[in-house]
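# Breakdown of the fold
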Amino acid sequence: MIEAQRLAVFREVAHRGSFARAAQALRLTPSAVSQQMAALERVAQAGLFERSTRGVTLTPAGQALLRTADTIHGELHRAERTLAQLREQGPPSLTVATFASAGTLLLAPALATLNDRRAPYVDTTVVESEPEQALAALDDGRVDVALVYHFHTEQPPPSWSDIARRFEYHPLLQDELRLVVPNGHALARRSTARLEDVADEPWIRMWDLPGNALDALAAARGLRPKVACRAGDFPFMQALVAAGVGIAFIPALAVEDRPDTRTLVLTPTAKRYIGAYTAPGTPSPHAARALLDALKERAAAVRMT
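First, a word on what this report is: a plain description of the structure on this page. Just so it is clear, the model here is predicted, and its values are computed rather than measured. (Residues numbered from 1 in each chain as written. Predicted model: local features only at pLDDT ≥ 70, side-chain atom pairs only at ≥ 80, totals over all residues. Heavy atoms only, no water.)

### Looking at the overall build of the protein chain
Selection rule: Where helices and strands are cited, they refer to DSSP runs of H or I of at least four residues and of E of at least two residues respectively, numbered from the N terminus. Contact criterion: two residues are considered in contact whenever any of their non-hydrogen atoms come within 4.5 Å of each other. Under the convention used here, a 1.4 Å probe and the Shrake-Rupley method define accessible areas, while residue burial counts only the protein chains that appear. Counted charges follow a simple rule, with Lys and Arg positive, Asp and Glu negative, and His plus the chain ends left uncounted. Working definition for charges: the position is that of NZ of Lys, CZ of Arg, CG of Asp or CD of Glu.
Of regular secondary structure, the protein chain possesses 10 helices and 12 strands. Dimensions of the protein chain, computed from C-alpha atoms along their principal axes, come out at roughly 70 × 55 × 30 Å. Partitioning the intrachain contacts of the protein chain with sequence separation of at least 6 by distance along the chain shows that 74% fall at a separation of at least 24. Entry remark: accessible area of the protein chain is about 15900 Å², with carbon and sulfur atoms responsible for 51%. Within the protein chain, the 33 negative side-chain charges are centred at a point lying 2 Å from the centre of the 34 positive side-chain charges.

Put into structure tokens, the structure is as follows:
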């Protein structure tokens, strides 16, 4: 049988790519880590690592075992939270990961709806995270619900499959990205524009997925946007547009109503798909279901506006 403790050590080595770094994180000696991994390979009857002077990478057998190790790690973390809640005999608790615009648009109104219904009190913790960080927290058992977004297709991207396959996905909302220009811009009086019309403009580029969506659209047209500035959130991007630093590609639902900027439909555009992942075995399944129902109601209301 594979021992759970050895599996935990293996998981640290796999994610950190080094026996030494895993030993430091676990407060063990590199020799102790090496011995445990040698014992694990004997039990598994397979080599789990490709070793080099730069660290270790996983063999196909190691990759298969890591998926199991990640699952067990998340389940144990959720079990610890459930036991702690039972010991304390307090109200049910939920931890929700959300990105900023979904927190404002969907999560806050959904939580208010639950309060208005006088539902049993739920001790809710909200953590702001981008999608990949939110999914990692869900996988680790640190959160119960993860609000995420992605682009291009309604189905979540294949790169999420290793983590997301163990969780249930609930589509909530979709919106198109819009071109935002300063009030005095040459296109400000128009309602639409082509990507080619602004190909040579300085752009405010969002980090991560929104920035990648712009790059993909431009590359498909043989264009390469000139980036004047990179920003971490949509309100700041729009403020930079208003100041004349550049133009921006912002989801319609995240665009603020400002007198110093104008919003245009850009052709071609991209859609942002918003959804929620829920974890099985959450300490408060009824609270998670009630929150998900409230999120769906809020998303339906937004679609009608």
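Past the structure itself, the notes keep going.
### What about the nonpolar core?
Put simply, the rule is: Note on terminology: a nonpolar core comprises buried Ala, Val, Leu, Ile, Met, Phe, Trp, Tyr and Cys residues joined through side-chain atoms within 4.5 Å. Per-residue accessibility, obtained with a 1.4 Å probe over protein chains only, is compared with the maximum for each type, and a residue is labelled buried under 20%, exposed over 50%, and partly exposed between these values.
By size, the foremost hydrophobic cluster in this structure holds 43 residues, and its most contacted members are L106, L179 and W203. Residue contributions to this core peak at eight residues, all from helix α10 (residues 285-304). When near neighbours in sequence (up to four residues on either side) are disregarded, L179 contacts A193, V198, W203, I247, A248, F249, R262, T263, L264 and L266. Counting 17 residues, the second largest nonpolar core, distinct from the first, contains F10, A23, V33 and L65.

### Some remarks on the environment of H150
Test applied: Here a polar contact is recorded for every N or O atom pair within 3.5 Å, except that within protein the pair must consist of a potential hydrogen donor and a potential acceptor, and residues adjacent in sequence are included only if both atoms are side-chain atoms.
Among the structural elements, H150 can be located in strand β5 (residues 145-151). Sequence spacing of H150 and G275 is 125 residues, and the spatial spacing of their C-alpha atoms is 8.7 Å. Every residue in contact with H150, bar those within four places of it in the chain, is listed here: Q155, P156, P157, W160, Y169, K271, R272 and Y273. Within the structure, H150 has its side chain in polar contact with the backbone oxygen of Q155 (distance 3.4 Å).

### Regarding the pairing of strand β10 (residues 247-251)
Which entries qualify depends on this criterion: When DSSP finds at least two bridges between two strands, those strands are taken to pair.
With five of its five residues buried, β10 lies for the most part within the structure. Both faces of β10 are covered, namely the face carrying I247, F249 and P251 and the face carrying A248 and I250. As paired strands, strand β6 (residues 168-182) and β10 are joined by four bridges and run antiparallel to one another. Residue pairing for β10: R178 is matched across the bridge by I250.

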